[in-house]
Amino acid sequence: MIPPQELLEENPNITNYIDEDSADNNLKDNEDWTRKKKHVFILSSAGKPIYSRYGNEDKLAWLFGVMQTLVSFVQSSGDCIKSIHAANTLFVFLVKKPLILVAVSKAQDGVQQLTSELSYVFNQITSILTLTRLNKIYEQRQNYDLRRLLAGVERLIDHLLDYSETEPSFFLGAVECLPLSLSVRDTINSAIVAACNKIKNLVFVILLAKNKLISLIRMKKYCLHPADLHLIFNLVQASESLKNSESWTPLCLPRFDSSVKPNSILLKKLRRGNCLEAINESLNVKDESYTTADFQEIRHYLYKCKSTAQFYQPSIGPPYTQTTEHLINVYKRAHHKLHSTVRPLKLIFERNSKEAILAWDTKGFELYIVFEPLIDTTKAISFVGKLLNWIKKKEERIFHLNAPTL
Amino acid sequence: MSSSRKKVLLKVIILGESSVGKTSLMNQYVNRKFSNQYKATIGADFLTKEVTVDDRTVTMQIWDTAGQERFQSLGVAFYRGADCCVLVFDVTAPNTFKSLDSWRDEFLIQASPREPENFPFVLLGNKVDLEPRAISSKRAQQWCQSKNNIPYFETSAKEGLNVEQAFLAIAKNALAQQNSTFDLYNEFPDQIKLTNTQKPSSNGDSCAC
């Protein structure tokens, strides 16, 4: 990382652009745009715009030039720009050949978190194009305008970014399961195994509902990284066609295979199928949410089981029904502190006027509990034990354990 | 979606000795403004301009550079993937003409385009409103011919003379280059993979029924 002063000293005004009246009015006119809490940009190594979360990337072409120049300038001294910290704005760069991804955030995210979000976005692109192909394109033509190939993928990226702001699964690196009784889950699993055993070269079968995992059955020798699962979840969620019909989509899972070969994944709504239909119906009925009735001062919590990379959360209730993003940010900050590379922590208890949070990282699990702000510390700690017991009891229901393999 | 397909973005780099009028040309072209005051560009300047060329909306991403050597350390990556390079000299200053060769060479080394001999350059002789003239049109044109017929325009950023035309030619040249290399690269090279996966896919269908 280069301290901004140094950048500025050597090149006092890398872009003397916005000065005077050289009115490319895009920014001045558009307060909406400048006020956005988090921008994400994707550009080619040549500085050609590929994606901007907000605003027309063509109109922002000059800005992409600035970003590429910053990257290029730092590269020329054999270094790599990671972030720029300016007052309350954080600029994070992810240079992933042949692309450059940039996040600009005023939302108090950490560098690590933004970098990981940018990696997700990069993986989303490679899941469609594959890394091999992406590299080949730019080897052949450095000036290629990737938007040609990504028409339609912008929507996936938009969705991914929205999703990551309202869902704990991304920063936790875990997936959420649909609570089900063990017997129902077993029936589903054996039905799937029976149906799919005949199919050759089938590596994974994933059954999901409303972004929650019902079943994941895999070939014995392969594992699916949660990051790849998120991409699949995102794809299913963001594509209407996948929701309404059976479809076949080629997809490359970046974590599974360092994308040398595209894996083709069969994504299906298993709504049809004689045995599955009845079970699916019971699923909808059983979609009860686990409230925290026994623990009144607990507003919400996250429990991540590390060995399975799955997590559980109760449904979000007041006062966060309208401000889910705030709650997610509280969690993100706590997660960031637990996993800070500079000074990782094991246990945190923090209180402010809005809420109190307890975060605990152990060998087997991570636990985050958001309390009423006035909760007594000893009481908060006593809740931890009770909550853990409760989760232990419900474990079979809320997690997908002991999945059979193909 | 189909509209984004038609859209094209061109990376255009402007090079030349300091104070030949690179920034002024760009400002005249994009903002239709001119100032007599000289302000050296530090590092680089960027502007965006949309033009229509043969029914296509083309966005020009113009990378204006610093002519002064001490501001030129922007890194190799800066020049990469350019679609056109505009060389500018001052018709009243012979040294700015003489250095064109080295600017051109430098660009080709840094940007390392696939086909250097066919890379689209455009030469602008600026400040034609000023006297006395040091470089004749003929001399400039000869240089252009020797470099695989680079298009040449005489411009005045101050009076807006020929600026629009020059940039239109820049866009056209860059576009022509893009179109000519289009076949090099297949937009859908993955057909083979479809046939590879056809078997499991059809099996899957029959199974789920």
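Analysis parameters
Within each chain, residue numbers correspond to sequence positions counted from 1 in written order. Ligands are numbered from 1 and chains lettered from A, in the order in which they are written. Per-residue local features of the predicted model are confined to residues with pLDDT of at least 70, and side-chain atom pairs are confined, for both listing and counting, to 80 or more; whole-chain, interface and lining totals are unaffected and use all residues. To obtain the side-chain values, all non-hydrogen atoms of the structure were included, while hydrogens and water were left out. UniProt positions are given in the numbering used here, feature names are shortened, and annotations may be inferred rather than shown by experiment. Strand pairing is assigned whenever DSSP detects at least two bridges linking the two strands. Secondary structure elements are defined from DSSP: runs of H or I of at least 4 residues count as helices, runs of E of at least 2 residues count as strands, and each element is numbered from the N terminus. What fixes the domain bounds is an automatic or database domain assignment. Two residues qualify as a contact provided that any one of their heavy atoms is within 4.5 Å of a heavy atom in the partner residue. Simply put, the buried area is the total loss of 1.4 Å probe accessible area from both parts when two parts are fitted together. For salt bridges, the criterion is a side-chain nitrogen of Lys or Arg within 4 Å of an Asp or Glu carboxyl oxygen. Polar contacts, as used here, are pairs of N or O atoms within 3.5 Å; protein pairs need one atom able to donate a hydrogen and one able to accept it. Residues neighboring in sequence count only if both atoms are side-chain atoms. Each residue gets one label: Ala, Val, Leu, Ile, Met, Phe, Trp, Tyr, Cys and Pro are nonpolar, Asp, Glu, Lys and Arg are charged, and the others, such as Gly, are polar. An axis is simply a line fitted to the C-alpha atoms; with a helix, the fit covers only the stretch in contact. Between two such axes, the angle follows the N-to-C directions and lies from 0 to 180 degrees.

Taking an unreviewed UniProt entry as the reference, chain B is identified by name as Rab7 belonging to Molorchus minor. Chain B has a UniProt comment under Sequence similarities (unreviewed entry) that states "Belongs to the small GTPase superfamily. Rab family."

The name that an unreviewed UniProt entry assigns to chain A is Vacuolar fusion protein MON1 homolog, with the source organism given as Molorchus minor. Of the comments in the UniProt record for chain A, the one headed Function (unreviewed entry) reads "Plays an important role in membrane trafficking through the secretory apparatus." In its Sequence similarities (unreviewed entry) section, the UniProt record describing chain A reads: "Belongs to the MON1/SAND family."

Draft legend 1. Highlighting the sheet that holds strand S11 (residues 298-305) of chain A. All names here are of chain A. Sheet architecture is open: 6 strands sit in the order S6-S12-S11-S15-S14-S13, paired in mixed fashion. The outermost strands of the open sheet, each flanked by one partner alone, are strand S6 (175-176) and strand S13 (347-351). Both S13 and strand S14 (residues 356-361) contribute to a ladder of 5 bridges, which runs antiparallel. Bridge pairing in S14 places phenylalanine 349 opposite leucine 358.

Draft legend 2. Seen up close, the domain arrangement of chain A. Residue and element names in this part refer to chain A. Its domain assignment divides chain A into domain 1 (4-150), domain 2 (175-284) and domain 3 (293-398). Contact residues are listed per partner, giving 7 residues for domain 1 and 7 residues for domain 3. For the pair domain 1 and domain 3, the two sides together bury roughly 560 Å², of which 34% comes from carbon and sulfur. Its largest share of buried area at the contact with domain 3, domain 1 owes to Gln108, Gln112 and Gln113, together 70% of the area lost on that side. In this assembly, domain 1 and domain 3 are joined by 2 salt bridges. Across the salt bridge formed by aspartate 109 and lysine 332, the nearest N and O atoms sit 3.8 Å from each other. Where domain 1 touches domain 3, the interface holds 3 residue pairs in polar contact (both at pLDDT 80 or more). Sorting elements by how many residues they give to the side of domain 1 that touches domain 3 places helix H5 (residues 111-129) first, with 3 residues. A class-by-class count of the residues in the side of domain 1 that touches domain 3 yields no nonpolar, 4 polar and 3 charged.

Draft legend 3. Focus on the sheet that holds strand S1 (residues 8-16) of chain B. Residue and element names in this part refer to chain B. Read across the sheet, 6 strands follow the order S2-S3-S1-S4-S5-S6 without closing on themselves; strand pairing throughout is mixed. Here the strands that pair on one side only, and so sit at the sheet edges, are strand S2 (44-53) and strand S6 (152-154). Averaged over all adjacent pairs, the angle separating strand axes in this sheet is 25°, with direction ignored. In the sheet, S1 pairs with strand S3 (residues 56-65) via 7 bridges, with the strands oriented parallel. Across the sheet, isoleucine 13 pairs through a bridge with tryptophan 63, a residue of S3. Across the sheet, helix H2 (residues 22-31) touches S1, S2, S3, strand S4 (84-90) and strand S5 (121-126), and the angle it forms with S2 is around 40°.

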